[in-house]
Amino acid sequence: MTTTRILSSTAVCLRQRAVNLRGFCSSAYSLSHIGSAPVFIPDNVSLMLDLHNRGEERDMTPLIITGPKGKLQVDIPSFARLDLVDNGKKLEVKVADSEVKIQRQMWGTLRSLINNQVTGVSEGHIAILQFVGTGYRAELLPSGRQISVKVGQTGTTLFDIPEGVTALNPQPTRLVLEGIDKQVVKQFAANIRALRPPEPYKGKGVFVNNETIKMKDKKVK
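The name recorded for the chain in an unreviewed UniProt entry is Ribosomal protein L6, alpha-beta domain-containing protein, from Lipomyces kononenkoae.

Here's what the structure looks like:
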């Protein structure tokens, strides 16, 4: 009986220690399986590994992704393996050893990068900005390569539109950005948003896509 109680106490201590190591959360770890999900390749998109321009210093091989909207590139590390299955309709991303930390970390990231580029060259990426507030507005200048933004300031701020990004201004309070490179489109939208991020007391600011904020009560002195 004594032995049984000692073993039970030890098990409780080990279980409590595991909970403490996980911080405030007592639930089990949930591993991401994004890397093992296949990338669906449309019929009008082609993939090609450019072995002639392989980077010897970083040990990377460029993957050229071509579609109706343009061409993009993703650098593939040497530990990654790409397999086309289902008659070229799916791309599986694998790593040499999933027990190696850096390979496990980059597995899902690499799959997401490839998927974003495939979507970009076939459909494109869009960011919709809403300007909420009195006098808040954006204007596409006649040159078509600059945007004038006014968000509660005495003057306006000019933004140069990055290469490969097109802008539409259907309303003074609405701006639509479109391009094939998701990183460029989203980063440009974030730069404009940083000029006046949404604030939680009056709900004013620059909102990107379906962004929402939780409103707070006004401060009472």
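(A) Main features of the sheet that holds strand 12 (residues 174–179). Ordered in space as 11-12-7-13, the four strands form an open sheet in which the pairing is antiparallel. At either end of the open sheet lies a strand with only one pairing partner, and these are strand 11 (165–171) and strand 13 (205–208). Here the strands of the sheet are splayed against their neighbours by 20° on average, with no regard to which way each runs. Bridge analysis of strand 7 (residues 125–132) against strand 12 gives six bridges, and the strand direction is antiparallel. Within strand 12, the residue paired with His125 across the bridge is Gly179. Contacting strand 7, strand 11, strand 12 and strand 13, helix 3 (residues 182–193) runs over the sheet at an angle of about 10° to strand 7.

(B) View of the sheet that holds strand 4 (residues 70–77). Read across the sheet, three strands follow the order 2-3-4 without closing on themselves; strand pairing throughout is antiparallel. Among the strands making up the open sheet, the edge pair consists of strand 2 (46–49) and strand 4. Sheet twist, expressed as the mean angle between neighbouring strand axes with direction ignored, is 25°. Pairing analysis gives four bridges linking strand 2 to strand 3 (residues 60–67), with the strands arranged antiparallel. By the bridge assignment, Leu49 is partnered in strand 3 with Leu63. Set on the sheet, helix 2 (residues 101–122) makes contact with strand 2, strand 3 and strand 4; between it and strand 4 the angle comes to about 170°.

Conventions used here
Residues numbered from 1 in each chain as written. Predicted model: local features only at pLDDT ≥ 70, side-chain atom pairs only at ≥ 80, totals over all residues. Heavy atoms only, no water. Pairing = 2+ DSSP bridges. Helix = DSSP H or I, 4+ residues; strand = E, 2+ residues; numbered from the N terminus. Axes fitted to C-alpha atoms, helices over the stretch in contact; angles between N-to-C directions. Contact = heavy atoms within 4.5 Å.

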